[in-house]
Amino acid sequence: MTGKNQTVPNQAVAQLDAGVATACSVDVLQKIRQTRENITLVVNADMPSLLEYQSLRSNLIQEDRSLRREFSRIRSRTELEVHADAIVRKIRAEEANSIWTVESESVQHPFPGMEFLTGRSIIEKTRLFEILGKVIHSQRSPASANFQY
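If you're wondering where the values come from, they're calculated on a predicted model, not measured in any experiment.

What counts, and where the lines are drawn
- Residues numbered from 1 in each chain as written.
- Predicted model: local features only at pLDDT ≥ 70, side-chain atom pairs only at ≥ 80, totals over all residues.
- Heavy atoms only, no water.
- Helix = DSSP H or I, 4+ residues; strand = E, 2+ residues; numbered from the N terminus.
- Buried < 20%, exposed > 50% of the residue type's maximum accessible area, 1.4 Å probe, protein only.
- Contact = heavy atoms within 4.5 Å.
- Areas by Shrake-Rupley, 256 points an atom, 1.4 Å probe, with all protein chains shown as cover.
- Patch = residues over 30% accessible without salt bridge, like charges linked within 9 Å, V, L, I, M, F, W, Y side chains within 5 Å.
- Salt bridge = Lys/Arg side-chain N within 4 Å of Asp/Glu carboxyl O.
- Core = buried A, V, L, I, M, F, W, Y, C linked by side-chain atoms within 4.5 Å.
- Axes fitted to C-alpha atoms, helices over the stretch in contact; angles between N-to-C directions.
- Nonpolar A, V, L, I, M, F, W, Y, C, P; charged D, E, K, R; others polar.
- pLDDT = per-residue confidence, 0-100.
- Polar contact = N/O pair within 3.5 Å; in protein donor to acceptor, adjacent residues only side chain to side chain.

Bringing the overall build of the protein chain into the picture now. The helix and strand tally for the protein chain stands at 7 helices and 0 strands. Each helix (α) and strand (β) of the protein chain, taken in turn from the N terminus, gives the series α-α-α-α-α-α-α. Across the 149 residues of the protein chain, 10% fall into the buried class. Contacts spanning at least 24 positions in sequence make up 21% of the contacts within the protein chain whose residues lie at least 6 apart. As displayed, the protein chain offers around 12,700 Å² of accessible surface, 57% of which is attributable to carbon and sulfur atoms.

Shown next, in the form of structure tokens:
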């Protein structure tokens, strides 16, 4: 820190020290100052750079994902499954902004993933619900399946 920014914390520290000094002995005040200095040293010494942090975070997330039971299945998806997943994710994102942000008279504070029976009146109007109905219907009679999205 340079310039004025550095004086503001010093002024705050001086005010804190003045308040503490009136309520504490000199030994306690010295311990407080030493602790503050130690914390500053530890924070400055142990703080990784932003790039290091992002790399460590990314590695931790990947490691966590690799421990999930669906990990091997996700990695072995077909091109068609990947495409279908992309379509569903796009529709969910669109509906999260268009359908689930609108207040409803029948449902207070609707949100994606809410209980079906509570949000049924809204859920039945979604494009995703319409697609699911067609998928279920096509499994009953594959000859009548018509998927165009």
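On to a nonpolar patch on the surface. There is a patch of nonpolar side chains on the surface, built from Phe-116, Leu-117, Phe-129, Leu-132 and Ile-136 and spanning about 470 Å² of accessible area. For the nonpolar patch, the element with the most residues is helix H7 (residues 127-140), which contributes 3 residues. Inspection of the secondary structure assignment puts Phe-116 in helix H6 (residues 116-123). Residue class for Phe-116 comes out partly exposed when judged on its relative accessible area of 36%.

Moving on to the nonpolar core. In summary, soluble globular proteins display a tendency toward joint burial of nonpolar side chains. In terms of nonpolar packing, the biggest core is built from 5 residues, these being Trp-100, Val-107, Met-114, Ile-122 and Ile-123. The contact partners of Trp-100, leaving out residues within four places of it in the chain, are Glu-95, Pro-110, Phe-111, Pro-112, Met-114, Ile-122, Ile-123 and Thr-126.

For the rest of this paragraph, the subject is the packing of helix H5 (residues 79-98) against H7. Closest axis-to-axis distance for the H5/H7 pair is 9 Å, and the angle between their directions is 145°. Together, Val-88, Ile-91, Arg-92, Glu-94 and Glu-95 of H5 and Arg-127, Leu-128 and Ile-131 of H7 make up the contact between the two elements. Here the residues of the contact of H5 with H7 are counted per class, giving 4 nonpolar, no polar and 4 charged.

Moving on, we come to the pattern of salt bridges. For the structure shown, the criterion picks out 6 salt bridges. Two residues, Arg-120 and Glu-124, come together in a salt bridge whose shortest N-O distance is 2.7 Å. Residue Glu-124 is classed as partly exposed on the basis of its relative accessible area of 37%. The partner of Glu-130 in a salt bridge is Lys-134, and the shortest N-O contact between them spans 3.7 Å. Residue Glu-130 and its partner Lys-134 are located together in helix H7, separated by 4 residues, close to a single helical turn. A residue is classified by how much of its surface remains accessible, and Glu-130, at 45% relative accessible area, is partly exposed. According to the relative accessible area criterion, Lys-134 is partly exposed, its value standing at 31%. Several salt bridges share partner residues, and in doing so they unite Arg-77, Asp-85 and Arg-89 into one network.

Right, let's get into the confidence of the model for the protein chain. Averaged over every residue, the pLDDT of the protein chain is 75; residues scoring 70 or more account for 67%. When the elements of the protein chain are averaged for pLDDT, helix H1 (residues 4-23) gives the smallest value, 51, and H5 the largest, 91.

Moving on to the side chain of Thr-126. Along the chain, the position of Thr-126 falls in the loop between H6 and H7. Look at Thr-126 and you get buried, because its relative accessible area is 5%. At a separation of 2.7 Å, a polar atom in the side chain of Thr-126 contacts the main-chain carbonyl oxygen of Ile-123. Separated by 3.1 Å, the side chain of Thr-126 and the backbone nitrogen of Phe-129 make a polar contact. If near-sequence neighbours (up to four positions away) are discounted, Thr-126 is found in contact with Glu-95, Ile-99 and Trp-100.

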